[in-house]
Amino acid sequence: MSEYFTLHIDDSGRLPLLAFFVAFIVTFVLTRVNVRLIRADVRWWFRNVKAGDLHIHHVVFGVVLMLVGGVMSVAIPDAYRGFAVSAAAIFGVGSALVLDEFALILHLSDVYWTEKGRASVDAVFVAIAVTGLLLLGVRPVGFAGWEPPPGSGLDGPVLVGIYAGYLVVNLVLAVLTLLKGKIWTGLAGLFVPVLLVIGAIRVARPGSPWARWRYAPGSRKHRSAVWHEERFRRPLIRAKIWVQEFIAGRHDLIRPEFRHRHTPFDRGRHHRRTEPPSRKPTRHN
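Residues numbered from 1 in each chain as written. Predicted model: local features only at pLDDT ≥ 70, side-chain atom pairs only at ≥ 80, totals over all residues. Heavy atoms only, no water.

*Asks:* I would appreciate a short explanation of the nonpolar core in the present structure.
*Replies:* Burial of nonpolar side chains together is a common tendency in soluble globular proteins. Formed by 13 residues in total, the largest nonpolar core has its most connected members in Phe24, Leu99 and Val124. For this core, the secondary structure elements donating two or more residues are helix H2 (15-39), helix H4 (81-99) and helix H6 (118-135). At 5 residues, the largest contribution of residues to this core is made by H6. Excluding residues within four positions of it along the chain, Leu99 makes contact with Phe24, Ser120, Ala123, Val124 and Ala127. (Core = buried A, V, L, I, M, F, W, Y, C linked by side-chain atoms within 4.5 Å. Buried < 20%, exposed > 50% of the residue type's maximum accessible area, 1.4 Å probe, protein only. Helix = DSSP H or I, 4+ residues; strand = E, 2+ residues; numbered from the N terminus. Contact = heavy atoms within 4.5 Å.)

*Asks:* How should I be thinking about a nonpolar patch on the surface in this particular structure?
*Replies:* A cluster of nonpolar side chains, Val49, Val60, Phe61, Val64 and Val68, forms an exposed patch at the surface whose accessible area comes to about 390 Å². Tracing the backbone shows Val60 in helix H3 (residues 58-75). With a relative accessible area of 44%, Val60 lands in the partly exposed category. (Patch = residues over 30% accessible without salt bridge, like charges linked within 9 Å, V, L, I, M, F, W, Y side chains within 5 Å. Areas by Shrake-Rupley, 256 points an atom, 1.4 Å probe, with all protein chains shown as cover. Salt bridge = Lys/Arg side-chain N within 4 Å of Asp/Glu carboxyl O.)

*Asks:* Quick question: what am I supposed to make of H6 here?
*Replies:* Since there are 3.6 residues in each turn of an α-helix, residues three or four apart along the chain are aligned in direction. The end-to-end C-alpha distance of H6 is 26 Å, a good match for the 26 Å that 18 residues give at a rise of 1.5 Å each. Residues of H6 that are buried: Arg118, Ala119, Ser120, Val121, Ala123, Val124, Phe125, Val126, Ala127, Thr131, Gly132 and Leu135. In the segment just after H6, Gly137 is the residue with positive phi, at about 90°. (Expected span 1.5 Å × (residues − 1).)

*Asks:* Can you help me understand a positive patch on the surface in this one?
*Replies:* The grouping of Arg214, Arg220, Lys221 and Arg223 at the surface amounts to a positive patch. The greatest single-element share of the positive patch, amounting to 3 residues, is contributed by helix H11 (residues 220-248). Among the secondary structure elements, Lys221 is positioned in helix H11. Residue class for Lys221 comes out partly exposed when judged on its relative accessible area of 44%. (Lys, Arg positive; Asp, Glu negative; His and termini not counted. Charge placed at Lys NZ, Arg CZ, Asp CG, Glu CD.)

*Asks:* Help me understand the pattern of salt bridges in this model?
*Replies:* Oppositely charged side chains are able to pair whenever their charged atoms sit close together. Under the definition given, this model contains 8 salt bridges. With a closest N to O distance of 3.6 Å, Glu115 and Arg118 form a salt bridge. We note a salt bridge from Glu245 to Arg118, for which the minimum N-O separation is 3.0 Å. Of the two residues, Glu245 sits in helix H11 while Arg118 sits in helix H6, which places them 127 residues apart along the sequence. Classification of Arg118 as buried rests on a relative accessible area of 15%. If you follow the salt bridges from partner to partner, you end up with Arg205, Glu229, Glu230 and Arg234 in one network.

*Asks:* Explain the packing of H6 against H11 here, please?
*Replies:* For any two helices packed against each other, the geometry comes down to the angle between their axes and how far apart the axes lie. At a minimum axis distance of 11 Å, the contact between H6 and H11 shows a crossing angle of 95°. Judged by the angle between their axes, H6 and H11 are roughly perpendicular. Taking contact as the criterion, the partners of Arg118, Val121, Asp122 and Phe125 in H6 are, on H11, Lys240, Ile241, Val243, Gln244, Glu245, Ile247 and Ala248. Taken together, the residues that form the contact of H6 with H11 break down as 6 nonpolar, 1 polar and 4 charged. (Axes fitted to C-alpha atoms, helices over the stretch in contact; angles between N-to-C directions. Parallel < 35°, antiparallel > 145°, perpendicular 65-115°, else oblique. Nonpolar A, V, L, I, M, F, W, Y, C, P; charged D, E, K, R; others polar.)

What follows is the structure, given as structure tokens:
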């Protein structure tokens, strides 16, 4: 284990990336434990950070920490490895706090515990997956440097042209896969290009931009897209949501501030139920 760490992490210069990765995961887990205990209104736990009536979201602290870690990583000379690792860890903490409220930034609304709030968990999972692949040495879009293989007879310009063409093809396939609504396949395909070929060839998801542009309602491709969605995609989505909510907590469909409110119709109906029935005046002969 120590030999693997020395060879693949320390000697390869990935120690700051490992510090970022560990700090990111630990911060995300601790943040979710914290917010779940706050949501459960546990008496012995912390409360939301407030300045008067203003709720300070933890994305604010994340932005500050990302700024500190980013400036440190640029300003510290390469010779100071310990400070570089510390800067990467600080950046990882800030990134986890920011991505944990990605849905708030996306919708400009406090949707943390709503169905839209699952976008934050998706963003965190994507960041963990991409960072983990980089940590394992997997390079995106097949990047392997500019040096030609020994004995290939290729010079610099030829190799650059080949790589540029390969890069363009992969990016086109990635865009096509994303337009078909296959987000995870498109992101993973940047590291495993064969997935981009599969994603680009396979039928699009119903509701995706590609399906709206190319699949007429009721057509054979539209029916095939719906069948694949119901047969294969939905079980995977349910499994993903179960894992996410096991880690990050349940996301309700109603925003917390509206959970105990009634509409004017409900309030009127409530008053009508609770008001005593009016008595008709009795006639006296």
